[in-house]
Amino acid sequence: MKDDIFDSREDYIRALFGRETAAQKSARESLTGAHDGISLHAEEARTLQLLIRLGDIRMIVEIGTLGGYSALAMAAALPDDGRLWTLEKDPARAALARSNTAAEKRIKIIEGDARETLRTLESQAPFDMIFIDADKLNYAYYLDWAETHVRKGGLIVGDNTLLFDAVWMQERPPRVRDSALQAMRDFNRRLADPDKYLGTLLPTAEGMTIAQKLF
Ligand SMILES: C[S@@+](CC[C@H](N)C(=O)[O-])C[C@H]1O[C@@H](n2cnc3c(N)ncnc32)[C@H](O)[C@@H]1O
């Protein structure tokens with residue numbers, strides 16, 4: 001009984017469903033200062049793992065690598081011959097991720113602005129899944145790309161899609177720019193179209209929109 005009591009709902013869920021591999025733990029610990037705390041939480045990573053297993057996902061594109069935490073979690077759920085390309089524009093973060101993921105052969109880190117580097121992946125399309133976790137203003141661009149390069153029946157997942165709850169609030173919080181707010185509202189609206197997607201927005205800490213592509 002005592003073991004089941006926690007200070008918050010998140011702590012309870014994390015204690016049960018947030019177990020991390022040693023590689024994930026060390027990737028999280030490698031992030032300090034400004035980098036700290038913007039990786040997925042362990043239980044969110046678990047959600048992606050479940051989607052990968054249930055959706056028979058083998059080829060994933062991730063936009064926004066940081067230190068490789070989410071990439072390591074997703075790769076662990078892939079079959080042995082699966083592949084995950086993860087795109088990071090910041091050279092220092094890409095280098096850190098290369099070191100954190102060196103033992104995981106299914107991960108390929110592509111350094112550079114995703115708006116440029118996505119093009120280099122097009123010859124390998126169609127992909128089974130895209131995970132978008134980067135600059136908010138480009139979510140529409142990434143979704144356009146996914147609509148062309150993710151297979152019918154594949155998954156499109158976006159993180160931070162509640163945008164600190166700004167997406168549904170009457171008053172925009174000062175920390176959120178209007179351009180980012182409009183971008184995120186448009187992204188969610190597009191994935192809510194039942195003619196094109198079977199989707200939902202999971203109320204995780206940051207909000208995670210997940211959608212199966214129907215066309
Ligand atoms: C929230 S972090 C990613 C966290 C990571 N997915 C995880 O959970 O471990 C967002 C990352 O996207 C990168 N980023 C932002 N804009 C980008 C762009 N245009 N192209 C590639 N990477 C970008 C940032 O440098 C940052 O490292």
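One can find the structure itself at the top, above this paragraph.
Keep in mind it's a predicted model, so treat the numbers as computed, not measured. Within each chain, residues carry numbers counting from 1 in the order of the written sequence. Totals for whole chains, interfaces and linings use all residues, but because this is a predicted model, local features are given only for residues with pLDDT of at least 70 and pairs of side-chain atoms are given and counted only at 80 or more. Values reported for side chains reflect all heavy atoms of the structure, with hydrogen atoms and water molecules removed beforehand.

With that out of the way, let us pick up the pattern of salt bridges. For this analysis, a salt bridge means a side-chain nitrogen from Lys or Arg found within 4 Å of a carboxyl oxygen belonging to Asp or Glu. If you walk through the whole model with that rule in mind, you get 14 salt bridges. Measuring nitrogen to oxygen at the nearest pair gives 3.0 Å for the salt bridge that ties Arg58 to Asp81. One end of the pair, Arg58, is in the loop between α3 (42-54) and β1 (59-63); the other, Asp81, is in the loop between α4 (69-77) and β2 (83-88), and 23 residues separate them in sequence. Among the residues examined, Arg58 registers a relative accessible area of 33% and is labelled partly exposed. We note a salt bridge from Lys196 to Glu147, for which the minimum N-O separation is 3.6 Å. Of this pair, Lys196 sits in the loop between α8 (178-191) and β6 (197-202) while Glu147 sits in helix α7 (residues 139-149), and the two are 49 residues apart along the sequence. Residue Lys196 is classed as partly exposed on the basis of its relative accessible area of 29%. It is possible to trace a salt-bridge network through shared partners that takes in Asp144, Glu147, Arg190 and Lys196. Only DSSP runs of H or I covering at least 4 residues are called helices, and only runs of E covering at least 2 are called strands; the numbering of each starts at the N terminus. For each residue, the accessible area found with a 1.4 Å probe, counting protein chains only, is set against the maximum for its type, and the residue is called buried under 20%, exposed over 50%, and partly exposed in between.

With that settled, the discussion passes to the side chain of Glu104. The residue Glu104 is located in the loop between α5 (91-100) and β3 (107-111) in this model. Distance and chemistry together define a polar contact, namely a pair of N or O atoms within 3.5 Å, with one atom able to donate a hydrogen and the other to accept it when in protein, and with adjacent residues in sequence counting only for side-chain atoms on both sides. In this structure the side chain of Glu104 is engaged in a polar contact, spanning 2.8 Å, whose partner is the side chain of Arg106. Should any heavy atoms of two residues lie within 4.5 Å, those residues are considered in contact. Here Glu104 is in contact with Leu72 and Ala75, once residues within four sequence places are set aside.

Below, the discussion takes up the side chain of Asn160. Mapping Asn160 onto the fold places it in the loop between β5 (150-159) and α8. Those residues in contact with Asn160, other than ones at most four positions away along the chain, are Asp133, Lys136, Tyr139, Met184, Glu206 and Gly207.

What follows concerns the packing of aromatic side chains. Geometry of an aromatic ring pair is reported as the spacing of the ring centres plus the angle between the planes. Pairing of aromatic side chains here covers Phe, Tyr and the six-membered ring of Trp, requires ring centres within 6.5 Å, and sorts the geometry by plane angle: under 30 degrees stacked, over 60 edge-to-face, intermediate tilted. Enumeration according to the criterion identifies six aromatic pairs in this entry. For the pair Trp85 and Phe127, a centre-to-centre distance of 5.4 Å together with 80° between the ring planes defines the contact as edge-to-face. Within this pair, whereas Trp85 is found in strand β2, its partner Phe127 is found in strand β4 (residues 127-132), the two being separated by 42 residues in sequence. One exposure class covers both Trp85 and Phe127, and it is buried. Relative to Phe187, the ring of Tyr139 has its centre 5.0 Å away and its plane inclined at 70°; by these criteria the two rings are edge-to-face. Taken as a pair, Tyr139 in helix α7 and Phe187 in helix α8 lie far apart in primary sequence, 48 residues in all.

Right, let's talk about the site of the ligand for a bit. Neighbouring residues are identified by heavy atoms, a residue being near a molecule or strand if any of them is within 4 Å of it. Taken together, the neighbourhood of the ligand is formed by 21 residues, with Leu40, Gly64, Ser70, Glu88 and Asp133 sitting nearest. Measuring from a nitrogen atom of the ligand, one finds a backbone N or O atom of Ala114 at 2.8 Å. Within the contact set of the ligand, a nitrogen atom lies 2.8 Å away from a side-chain nitrogen or oxygen of Asp133. Considered on its own, the ligand offers 610 Å² of accessible surface; in the complex 93% of this is hidden by protein. Looking at the shell around the ligand, the elements with two or more residues in it are α4 and β2. Any residue outside Ala, Val, Leu, Ile, Met, Phe, Trp, Tyr, Cys, Pro, Asp, Glu, Lys and Arg is labelled polar, Gly included; the first ten of those are nonpolar and the last four are charged. In the shell around the ligand, the residues fall into eight nonpolar, five polar and eight charged. A 1.4 Å probe and the Shrake-Rupley method give the accessible areas. Residues count as covered only by the protein chains that appear here.

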